[in-house]
Structure formats: C-alpha cells, structure tokens
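# Architecture and fold: a report
Here is what each chain is made of, one letter per residue.
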Amino acid sequence: MLRAGNVVSCMACRNLLPSRVGLKFRVPLQKLHPLSRAIHHHYSTSSNPQRQPHCSAARHYTSLSRLPMRPPKYRSGGNGYQQHRTFWVAHLAARLLKLRYILLGSAVGGGYTAKKTYDEWKDMLPDMSQYTWIVPDFVWELSENFDFDKLVNALPEMEEIAKLLPDMEKIGENFTFLKSLLSSETTGDSALRAPDVPPSSAAMSDSSDKQFKKQGLLSELILIQQQIQQHEEEMRRAAAAASNAPPPPREPSPSPAPNPSPSQPKRKSSDKEKVDQLQEELLRTQMKYQRMLERLEKENKELRKVVLQKDDKGIHQRKVKKSLIDLYSEVLDILSDYDSNYNTQDHLPRVVVVGDQSSGKTSVLEMIAQARIFPRGSGEMMTRSPVKVTLSEGPHHVAMFKDSTREFDLGKEEDLAALRHEIELRMRKSVKEGQTVSPETISLSVKGPGIQRMVLVDLPGVISTVTTGMASDTKETIFSMSKAYMQNPNAIILCIQDGSVDAERSIVTDLVSQMDPQGKRTIFVLTKVDLAEKNLASPNRIQQIVEGKLFPMKALGYFAVVTGKGSSNESIDSIKDYEEDFFQNSRLLREGMLKAHQVTTKNLSLAVSDCFWKMVRESVEQQADAFKASRFNLETEWKNNYPRLRELDRNELYEKAKNEILDEVISLSQVTPKHWESILQKKLWERVSTHVIENIYLPAAQTTNSGTFNTTVDIKLKQWTDKQLPHKALEVAWETLQEEFARFMAEYKGKDQDDIFDKLKEAVKDESIKRHKWNEKAMDSLRVIQHNALEDRSITDKPQWDAAIQFMEETLQSRLKDTESVISDMVGPDWKQRWLSWTNRTTEQHIRNETKNELERLLKLHEDHTAYLANDEVTTVRKNLEARGVEVDPALIKDTWHQLYRRHFLQKALLHCNLCRRGFYYYQRHFVDSELECNDVVLFWRIQRMLAITANTLRQQLTNTEVRRLEKNVKEVLEDFGEDNEKKVHLITGRRVQLAEELKKVREIQEKLEAFIEALHKEK
C-alpha cells in the first residue's frame, strides 16, 4: 500500500491503498524493492514516462512485509458494523482479483529488466571481427583445400602402428645372442635346453595383452618390450641349464663313447627351430614396420611441403625471419673469414666429413642432402677445397651460394649440372698457381622438405701418394687442413671408410684416432657394403668393423651404408631404393651381423643431426662467453692506445683515404693558368735551351752577314720543329702534371690527415701515372702552332724588344757562368785559392793552365778568330808549350780551345746585346743605313714567343683534358685496389688497423651468436 501525504503517486498503488490502513514512516522510492519500483513505474499515469517520480516518499505494502494493522474503529450505531459483515466476501474477491494484476505486472517488468540488462552486457563486448587478420590465411583455407576426415580415415590405427614398433636395440642384441648360441651348438658345446613357459608366465602375458591392448601406442610398445624380455629370459634359462649340466664321467680305460640319449638331439633341434622361427618373425615385423613408417613419412613430407608453400606465399607481407640453422651458418661464415692469427679460436660445432680419396665421402654427403650436387670424376681428386654445406628444411628443394642470389632448382637436371659446374669452377679458382688444393672455403646452403638441419664441411680426401700433376706438398697440405678442422674440440668427425677395400689400407682412421682418441665425437661410416659383402670371404669382418673391434679408433656410433652402384647417372631415389632392397635381402642384417638402426643413410643423417644439435646446445653458450671476454679485452686495448680515434676497420679507412685522394686530385683543377704557364715555360726552356744555343744560335752566329744568319736559323728551326720540339713539349707537360700531382698529395694537410694513408697514396700516385697516357693526337696541332710561332719575326713594340733582350742577356749570362765554371775545373785553383785553401793543381790541371794561357794570347791577337783552330795553329801552340817544357796532346789543345772560344763568344754576345738595347728604331727600319744588326735579338724573341704560346697550349690541354683523365685513372686505380683485399692489407697496415678489424669481427660474431642462442632457447 503506497501513500505520499494526501497525494497518491499512481493509480495502481492508490487502488491498493485503503483509507483505514497506513504506515507510520516514510520510505524513499530508491529504497524500495526492485519489483515494487517496476510495478510503480508500469502503472504510473504520468504523461512523460522518462520523468522522475514526483513523490519523494511512499508507504510500502506487500504481503510479506505487512505491518500490523490498527484495530478498526467502529462507528456508533449498529448499522455500520452490519454493513461491514455483509460485504467482507466482496472485499476478499476484489483483493484476489487485484493480486492477479500484481503478478502480471511483475512478470512483464522482470522480462523488460532482464532484456535491458542483456543488451547492456552485449554492448560491452568488443568487436572481434577486427582481429581476424591475426590468424594466417592458410588456416582458413585448410578446410577448403583438404578433406581432413578423408585424411584421418586414410591413416592407420594407432594400435596397428604400435604393433610395428619393436625395440630395435633389444632385437639386435637378441640376434647376437642367438647367433652365439647357434655357433656354440655347431662346435659341439652342450645342448641348449629352453624350458617351457610356465603357466603363470603365460597367464601374466595374457593379462598384459588384455591390459595394454586398449591403451594405444605406448601400451603396444610396453607389450612388445615385455615379450622381448620374456624371450631373453627364456634364452638365459636355457643357457644356464646347459652350463649347469654335469660333464660325462671319465673312464679309466679307453672304451667306446656311450650313445647319447634320444631326447637330447630332439631338444637341440627343437631349440634351433624355435630360434629360427623367432628370428624370421622378428625380421618380418621389422620389415612391415619399416614399410609402414616409410608410407607415413612420405605422406607427412607431402603435407609439410604444402603447408610450407602456403606459408611461403605470405613472406613478402611480413618481415622475413631467418631459420635457426641459417643464423648458425652465418656465424660460421664469419668465422671462416676470421684471421687464424687472432687470439680467439673457432670452437663452434660443425660436422667434418673426412675420409680417404674415393672412399665415398661426397656420395654420403649427397645422400644426406638428397641431391647430386658435387662434381664427379673417375678416381681423380675432385674435392680441391673445403665445401661448407648448410642443410635446412624448406618448401622447395633448392641450393644457393653464400655470395650469390641465384637459386638452383635441385629438381631440374640442368640446374644440377650448372651447380656442379659452378662448384668445380670455384674450386679451381680458389687453388693458387702451383698448388693442388686450397684452404679457401666454399659456402653452400641446401633447403628442401624433410632434410635434417645441420652444417657439414666436406674436406679433400686423404691421399697416401703424390701422383704426377700434383704439387709436392699436396699430401701434407691435406693432412694439415684435416687436422685443423678436426682439432676443434666441438667438431663432430664423420669418418668415411671404404668397405670394398682392405681395412689395413685405411689412412684416415689413424688420423681420426689421433685427433679423437676416446671417440666422444666421432661417427664411423662404412660405405660400399654391397661390394664388401660380395668380395669378402668372411662377412664377420664387416661385423668386427661396425662393432669397433677391427680398427684402433673409437666412435660414438657405427653405420653401414650403400651409396649406389657406382654410376654417376643414378638418381637419389634410385640409390635409396637400391640401398633398402639390399639391406632387406642382405644376410648381414638377417643373420644379426648388423643392427637395423646401423644401416641406411637415412638413419645416419638422423643420428648425425641429433649429435650436431646436442653438441651445439652444450657448447654454444660457452663460445659466446669466450667471444664476450675477447671483445672486452680488445675494447680495453683500444681505449688505452687510441682514445681519440674512431674504430675504423680497413675498409672504412680505405674509404676515408679514397675521399682524401679524390679531393687532392680535384685540387689540381684549381691551379691558376698563370701558375701552369709559368711552370711549363720554365721547364720547357730548361729542356731545349742547350739545343737552341749549341745547335742553332752558335752555328748561325759564325756566319759573316745577316742574310746567312737568318737562313741558317730558319732551316735549323724548321728541322727542330718537325722532329724534336713537339715531343719535348709533351714530355715537359706530362712531367709537370706528375710533379704537381705529387706535390699536392704531399702538401695536402687537412685536419683529418692520417699518416697511415701515406703508403696507399704513394701506390695510387705511381699506378695512376703509370696508367695515364698522354693524348698523342694533340702533337700534330702543337707542331703547327709552334711552327707558326717561330715563323713570326714581327716585334710590335719596344717592351717586347726589351723583353727579348732581357731574355737573351739572362740566357747568355747563364751560359757564360757555366762556361767559366768548366774552365775553372779544367785549370784548377788560381793563386788566391791556393794560398787561402792550401790546395795545389794536379799535373793535368797544370798542363791545361799553360795551354789556356797560350790560347788566350792567340785570341788577343785575333779577336775575330773562327770557332775552330787550324792544324798549323795547333802545331804552333804545341811547340810553344814544348819550348817551355810542357808536353801537351793536340786533342787537349782543341778541347781547351772550345771552352775558351765559347767564353770569348759569349762575352762578345753580351756586349752586342747591350748595344742592341737602343736598336728597336733600326729594327723598325730593317737596319737600313745602320751598321748595327740585331738579328740575334729577333731570334731570341721568336724563341721566347714560341715558349709562351706552347706553354699556353699545353696549359689548355692539361686543364681541359689531361687533369680529368688523370682523375679518371685515379678513380679506376682506387676501385681496383678496393676490390683487391690483399692489396689493401699490404697498403693499410699497423696494429691500429688490425685491432679495429678484430673488434669488428668479434662484435659481429658475438651479436649473431646471441641472436642464435635466443632463437635456440625459444625453440626449446
């Protein structure tokens, strides 16, 4: 019953509220029961349903929480009471009818509230349709492309598979034991007595069968093991009974042997039949199990290939993640390039394949890689360098070299042939001249479905004799190379032995036993078992080999394989089929000489892969710690010795030096034209001045008139221009370019100049100059220019005339000075030098001095004497000297005369040069009506002008052509040096470079090892 003062909140509550009943306290609407609030709002007469209830408080009534009513107050008079008693039935009926509406309203209100709560909860959930991209596409496509129900129905039941899973090791031991029993019977030992199986044992077996029959694969394995243990127990009892039998009594006198009891041969025959029957049953079980496994493996391989192909389609859409074996192979590739002289040694695991030449090493490796990838030969050495093969699983059967992006499809014969040819070319290229094998490693990766992950290194076969055509040290080189790989304490040695030859001829077994005496990391493989079975008279010899009893070496495991019939055209599949057929029909396996897990290359690859990864997990973290310690030591050494220098390795230093050299070459183009022309003119005149003075000027000056002088000069200048002058000019230009280039490289000192580049710069300069060839086409044009310059005799102004006189005077003074020096050396020191320096003249100098004095008197008498002495003049001089007691030779007189006349002529020429300073006026009038003739000045002006024009021409050719060609040659030399690692090592040396190189390598190895270890832990 609800009431709020004199106003009732809704009609439904007002109908339930009698005037006589009420509550003494007020209850807020928020505190009411939800059901009551729902009823209240449902029956509210408010026009706005969302409006808050206008009553702040109400009185609560329910049938469960009713307060005690007040006793009714009867009115005075009997009529009122009678009326109340008369209609109580009607009031009760009305009350019940109203209860119906309460229940209906409760149901409707509760349903509405539940629906509203469900909608709110549903809206709170996130929209998962936005995250469907997380799931790969091939997962959604699997249901469309595969019929999984059909695939599941095609697979055999687990119970059938479990029945085919015997314990191979136990079966093999059982075979060996049965064989020993049979051999003891044939030699006349006591008979075997195999007791019958007791009933309790049979009952236990039956109960075991029933117990494990319904428990799947594990139960079947346990059941098979229990059966084998029961058979072994029976054999032990039989052997014990045979050994405990009393020996026959010894007779004192010889007598015929007693006849054996008839039950003993029967017991022997029955035991032998049981053994043969058990052996045949086990072989049948094994073969059945093998076929079932092969079928399942083939289906699994195809399914994995399809899944990998699906996953391979989306590689470009996400970041490519390298596989675990690829990460490890990268570390080994870096270590193979690591200098062996460094302190840190490479002790990371890998499978080293060693064996005698033609023992089948390469064939075993090809069977593991499932492709014929190596070149083949008939008895000759084919493996000439180590080949590192990284095997990993992938969707396609492909191969790729480390330094190449080409993929070889191993399913195509043409790609296989190309791969074999490329390997052979790389091997021959790695072998240096005069050698047979090379230590340089060829890195190859092979991927394909079902391939076991590992890293193998195929080494050249060990030889016993050096044949014709081989280097004399080939045997020792192969031995040292094999030892270098096998002495790694974490390397797994795969020792290959040819089973078709005598074991005593093996060389590799002794080498392996030296490197691994305990056999803790050696796996022995006997190849060509099919030929061995045919050729050997005693197959027990094969059993001794695979049991480790024939060779002194020890091993973790022994395997026997067949790698084909010897034909190079056989495919891997045909070799596998041949190998399986051979071992299925071979008596080596049938008679227990070989165990089932010791045969086929498939079992070998599984065992090698397991050993490899076990060794990797045990040793890789230790190797990472070793590299971390080495890195710390190297960084400490660098900080102490080169604290202000960056850690630049050899390649980075070479790039820095390359940029500096190119900057220096570019600086050649910044040389001013004036500097070029000045240097060229000076050097050219130094080169041709002797020829001009001796062969042109002096002969022309001996003429008597100006016409003859000019004619002689013109002829000699023309001859000189045609033959010698252009060549001399180009030689001078080329030498000038070399000197300027060397000067810039020597004088260029920037803030980053490093003395470590001096050797490299010198080599680049020499090689660039050696390669540079001057453009000979410019010679013809230069000859024409020089000829035209020398033909011109017109001096246009007085400054040019004065410049010619100055040039002539400087040249003559220089020659006079040289001549004076020569005469001084000929006659020795004068009286002043003798007194001050305490030196005396030699006999020859005394003779020359007397001859000089005599010839000077002759010149004073005849100042216009010709350049040569007449014979009578020579005789007169000789006789005059003999009169003074000086014996002189005519040749000495002529030689002395030449120098004296030269000095006399040059002195006269200098006097004439001074006279010609004022002769420009007469030159303009062509020396008409003048006794002064200055044709020699004109000659020197022509020479001077030719030198200037030639220098200008050569300067243009240098700046426009030759400097650029030289810069191109320098770039080519730098590129060639950059590709030649040996050249860089020779030219950039020092502890600083070596330390930076070592630091870079150690850091790279450590980082890749840490990435590999992290991936390895994730895979675990």
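The structure this text deals with has already been given above.
For every chain, the first residue of the written sequence is number 1, and numbering continues from 1 onward in sequence order. In keeping with the model being predicted, local features are shown solely for residues with a pLDDT of at least 70 and side-chain atom pairs are shown and tallied solely at 80 or more, while totals for entire chains, interfaces and linings include all residues. Side-chain measures were taken over the full set of non-hydrogen atoms in the model, leaving aside hydrogen atoms and water.

## Digging into the overall build of the protein
Strands here mean DSSP runs of E at least two residues long; helices mean DSSP runs of H or I at least four residues long; both are numbered from the N terminus. On a plain count of helices and strands, the protein comes out with 36 helices and 11 strands. Scored against the burial criterion, the 1020 residues of the protein give a buried share of 41%. Two residues qualify as a contact provided that any one of their heavy atoms is within 4.5 Å of a heavy atom in the partner residue. Considering only contacts in the protein between residues 6 or more positions apart, those separated by 24 or more positions represent 80%. Using the Shrake-Rupley algorithm and a 1.4 Å probe, accessible areas are obtained, with residue cover drawn only from the displayed protein chains. Total accessible area computed for the protein in this model is approximately 59,500 Å², and 51% of it derives from carbon and sulfur atoms. Exposure categories follow from relative accessible area, calculated using a 1.4 Å probe and restricted to protein chains: below 20% of the type maximum is buried, above 50% is exposed, and the middle band is partly exposed.

## So, helix α15 (residues 474-486)
Expected span of a helix, by definition, is 1.5 Å for each gap between consecutive residues, and there is one gap fewer than residues. With 13 residues, α15 extends 18 Å between its outermost C-alpha atoms, agreeing within 8% with the 18 Å of an ideal straight helix rising 1.5 Å per residue. Listing the buried residues of α15 in full gives Thr474, Thr477, Ile478, Phe479, Met481, Ser482, Tyr485 and Met486. Elements that come into contact with the buried residues of α15 comprise β3 (351-355), β8 (454-458), β9 (492-498) and α16 (508-515).

## Digging into the sheet that holds strand β5 (residues 398-401)
Each pair of strands is called paired provided DSSP finds at least two bridges between the two strands. Pairing in this open sheet of 9 strands is mixed, and the strands run β6-β5-β7-β4-β8-β3-β9-β10-β11 from one edge to the other. A single partner strand is all that each edge strand has here, and the edge strands are β6 (408-409) and β11 (557-560).

## As for a nonpolar patch on the surface
A patch consists of residues whose relative accessible area exceeds 30% and which take part in no salt bridge; residues with like charges are grouped when within 9 Å of each other, and nonpolar side chains (Val, Leu, Ile, Met, Phe, Trp, Tyr) when within 5 Å. Whenever Lys or Arg places a side-chain nitrogen within 4 Å of a carboxyl oxygen from Asp or Glu, that contact is recorded as a salt bridge. Residues Trp831, Trp835 and Leu836 make up a contiguous nonpolar surface patch of about 480 Å² in total accessible area. As for its position among the elements, Trp831 is in helix α29 (residues 831-837). With a relative accessible area of 58%, Trp831 lands in the exposed category.

## Re the packing of helix α24 (residues 706-723) against helix α27 (residues 778-791)
Axis definition: a line fitted to C-alpha atoms, over the contacting stretch in the case of helices. Angles run 0 to 180 degrees between N-to-C directions. Orientation of α24 relative to α27, taken along the N-to-C sense of each, is 165°, at an axis distance of 9 Å. It follows that α24 is roughly antiparallel to α27 by the angle criterion. The two elements α24 and α27 cross, and the hand of that crossing is right-handed. The residues of α27 that touch α24, namely those facing Leu717, Lys718, Thr721 and Asp722, are Arg783, Gln786, His787 and Leu790. When the residues that make up the contact of α24 with α27 are grouped by side-chain class, the tally is 2 nonpolar, 3 polar and 3 charged. Each angle is binned into one of four classes, with values under 35 degrees roughly parallel, values over 145 roughly antiparallel, values of 65 to 115 roughly perpendicular, and all other values oblique. A crossing counts as left-handed when the near helix is turned anticlockwise from the far one by less than a right angle, and as right-handed when that turn is clockwise. Note on residue categories: nonpolar means Ala, Val, Leu, Ile, Met, Phe, Trp, Tyr, Cys or Pro, charged means Asp, Glu, Lys or Arg, and polar means any other residue, Gly included.

## Considering unusual backbone geometry
It is generally the case that most residues other than glycine have a negative phi and that most peptide bonds are trans. Of note in this structure, Lys528 is not a glycine but carries a positive phi near 55°. Mapped onto the elements of the fold, Lys528 is located in the loop between β10 (522-527) and α17 (529-535). We classify Lys528 as partly exposed; its relative accessible area is 23%. In this structure, Thr600 is a non-glycine residue whose phi angle is positive, near 75°. Relative to the elements of secondary structure, Thr600 occurs in the loop between α20 (587-590) and α21 (601-641). Since its relative accessible area comes to 13%, Thr600 is described here as buried.

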